[in-house]
Amino acid sequence: MFNYSDKNKIIFFFLPFIVVVYLYQDIPDLIFGINNKIVIIHYFITNCALLIFFNYRIKSIFDKNNKVKFCKIGWRVLILTSILPCILIINSSKINLSYNFAQIISAICGLAFFCFSFTFKNLERNDVIGIKTKWTLESDEVWEKTHKAGVILWMLGGIVLICNIIVRTQTIFLINVIIGIFLTIIVPVLYSYNLSKK
């Protein structure tokens, strides 16, 4: 759950704002052909809306017995929605990074898959968090088995995507992306479908 009275969470929430202010002089006037002020304002509105929506959805399935789990999930979402925009802002500035943008995004996505895999253990069936397919939402058994496998699949897929930060050829990068998507998305969907047919 998000508790905006928590100073640490407030700092994370406003981190992209701080980065924008600090690097404003290095941000080009146009970002993707759009005035930088419009892009920044649009981002802040969108980010606030996403956090409010996710907080509302978490509350709809909130269970006092799983308070610690939901707090951890809330933290991971908040960190992800703060760090990724910071990377986007830095990449849009005139600062030269030693890694290309695709490598950074792949590593962040991999880290997200890896971190969220820990929330799958003992996660009860719901329509907000987890591997949501037609078959997992219809059966507790399929949900449980799919998420038990999902812990390993998301960990492996996350590690593969994180490894893209050190690759130096486009071919290996694309292979890792394909493997990562296969492990984290395609395999869980096919596995849940197969379980539903038994």
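What comes next is a walk through the structure. (Residues numbered from 1 in each chain as written. Predicted model: local features only at pLDDT ≥ 70, side-chain atom pairs only at ≥ 80, totals over all residues. Heavy atoms only, no water.)

### A short note on the packing of helix 4 (residues 101-117) against helix 5 (residues 140-162)
Close contact between helix 4 and helix 5 brings their axes to 7 Å; oriented N to C, the two are set at 160 degrees. Here helix 4 lies roughly antiparallel to helix 5, going by the angle between them. Considering the relative orientation of helix 4 and helix 5, their crossing is left-handed. Side by side, helix 4 and helix 5 meet where Ser106, Ala107, Cys109, Gly110, Leu111, Phe113, Phe114, Phe116 and Ser117 of the first sit next to Val151, Trp154, Met155, Gly158, Ile159, Leu161 and Ile162 of the second. The residue makeup of the contact of helix 4 with helix 5, split by class, is 12 nonpolar, 4 polar and no charged. (Axes fitted to C-alpha atoms, helices over the stretch in contact; angles between N-to-C directions. Helix = DSSP H or I, 4+ residues; strand = E, 2+ residues; numbered from the N terminus. Parallel < 35°, antiparallel > 145°, perpendicular 65-115°, else oblique. Left-handed = near helix turned anticlockwise from the far one by under 90°. Contact = heavy atoms within 4.5 Å. Nonpolar A, V, L, I, M, F, W, Y, C, P; charged D, E, K, R; others polar.)

### Looking at a nonpolar patch on the surface
The grouping of Ile181, Phe182, Ile185, Ile186, Val189 and Leu190 at the surface amounts to a nonpolar patch, some 490 Å² of accessible area in total. Mapped onto the secondary structure, Leu190 falls in helix 6 (residues 170-196). (Patch = residues over 30% accessible without salt bridge, like charges linked within 9 Å, V, L, I, M, F, W, Y side chains within 5 Å. Areas by Shrake-Rupley, 256 points an atom, 1.4 Å probe, with all protein chains shown as cover. Salt bridge = Lys/Arg side-chain N within 4 Å of Asp/Glu carboxyl O.)

### Re the packing of aromatic side chains
A ring pair, where both rings are aromatic, is described by two values, the distance of the centres and the angle of the planes. This model, assessed by the stated rule, comprises 4 aromatic pairs. Consider the rings of Phe113 and Trp154, whose centres lie 4.8 Å apart with planes at 90 degrees: the pair is edge-to-face. Of the two residues, Phe113 sits in helix 4 while Trp154 sits in helix 5, which places them 41 residues apart along the sequence. Judged on exposure class, the residue Phe113 and its partner Trp154 are both buried. Residues Phe114 and Phe118 carry aromatic rings whose centres are separated by 5.4 Å and whose planes lie at 80 degrees to one another, so their mutual orientation is edge-to-face. An aromatic cluster of three or more residues is present, and its members are Phe113, Phe120 and Trp154. (Phe/Tyr/Trp six-rings, centres within 6.5 Å; stacked < 30°, edge-to-face > 60°. Buried < 20%, exposed > 50% of the residue type's maximum accessible area, 1.4 Å probe, protein only.)

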